[in-house]
Amino acid sequence: MLTAILVMTGIALLLGAVLGFASIQFKVEGDPLVEKIDAILPQTQCGQCGFPGCRPYATAIAGGEAEINQCPPGGEEGIRKLADLLGREFKPLSEEHGVEKPKSVAVIDENTCIGCTLCIQACPVDAIVGAAKQLHTVVAAQCTGCELCIAPCPVDCILMEPIAETVDTWKWRYPVVEIRPAA
């Protein structure tokens, strides 16, 4: 019995060491440019840019397959940051991908919700909690405001409420006056 335990422990240690070595030896390095672009994107995972999420969109931008102006949730601020990072010229937001809206969060009307779970299935960030035939609610801290939960709701009980600007949510906006060098 003791011999069997020692043999199994030895095999486990050997396999652990082999897996540890393999993870170091065959480590795949990510593209640092994709990481920087992904950090600028708003992480709404809404798909308005034509890609299934922010990471695939960042990969497409880095590969030259997509323009920097396809992200409505990122807005002009995001486009400016991407243009600065990539050394490209600023372009206004592409109209075919949507319009810039104020940051908002989904709110479910408790009196109307029937507990169908369609909104839970549609939420890409799991910000909606609840169960079948039970009241659902939105975890506001996790909601990205992507509006993907609105369309599948059969009773239209989901509303988007703009996030109030507070000291925590306020961001510096780029100047609206063009700055020119002195003559």
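What this report covers is the structure whose coordinates are included nearby.

Procedures and definitions
- Residues numbered from 1 in each chain as written.
- Predicted model: local features only at pLDDT ≥ 70, side-chain atom pairs only at ≥ 80, totals over all residues.
- Heavy atoms only, no water.
- Buried < 20%, exposed > 50% of the residue type's maximum accessible area, 1.4 Å probe, protein only.
- Helix = DSSP H or I, 4+ residues; strand = E, 2+ residues; numbered from the N terminus.
- Pairing = 2+ DSSP bridges.
- Phe/Tyr/Trp six-rings, centres within 6.5 Å; stacked < 30°, edge-to-face > 60°.
- Lys NZ or Arg CZ within 6 Å of the ring centre and 35° of its normal.
- Axes fitted to C-alpha atoms, helices over the stretch in contact; angles between N-to-C directions.
- Parallel < 35°, antiparallel > 145°, perpendicular 65-115°, else oblique.
- Left-handed = near helix turned anticlockwise from the far one by under 90°.
- Contact = heavy atoms within 4.5 Å.
- Salt bridge = Lys/Arg side-chain N within 4 Å of Asp/Glu carboxyl O.

**What about the pairing of strand β1 (residues 104-108)?**
For β1, the tally of buried residues reaches 4 of 5 residues, placing the bulk of the element in the interior. In terms of strand pairing, β1 meets strand β4 (residues 158-162) through 5 bridges, oriented antiparallel. Following the sheet pairing, V107 is matched in β4 by L159.

**Regarding the packing of aromatic side chains**
Under the definition given, this model contains 1 aromatic pair. One Lys or Arg, R80, reaches over the ring of F90 and ends 4.2 Å from the middle of that ring.

**Considerations on the packing of helix α2 (residues 32-40) against helix α3 (residues 54-62)**
Look at α2 against α3: their axes get within 8 Å of each other, and the N-to-C directions meet at 125°. With respect to α3, the axis of α2 lies oblique. Crossing of α2 over α3 shows right-handed handedness. Packed against α2, whose contacting residues are L33, V34, E35, I37 and D38, the element α3 presents C54, R55, A58, T59, I61 and A62 at the interface.

**Brief notes about the pattern of salt bridges**
In total, this model carries 6 salt bridges according to the counting rule given. A salt bridge links D38 to R55, with the shortest nitrogen-to-oxygen separation between them at 3.8 Å. Here R55 lies in helix α3 and D38 lies in helix α2, a separation of 17 residues in the sequence. The buried category is assigned to D38, whose relative accessible area is 14%. Using a relative accessible area of 35% as the deciding quantity, one classes R55 as partly exposed. When the shortest N-O distance is used, the salt bridge between E67 and K91 registers 2.3 Å. Separated by 24 residues along the polypeptide, E67 in the loop between α3 and α4 (75-86) and K91 in the loop between α4 and β1 bring together distant segments of the chain.

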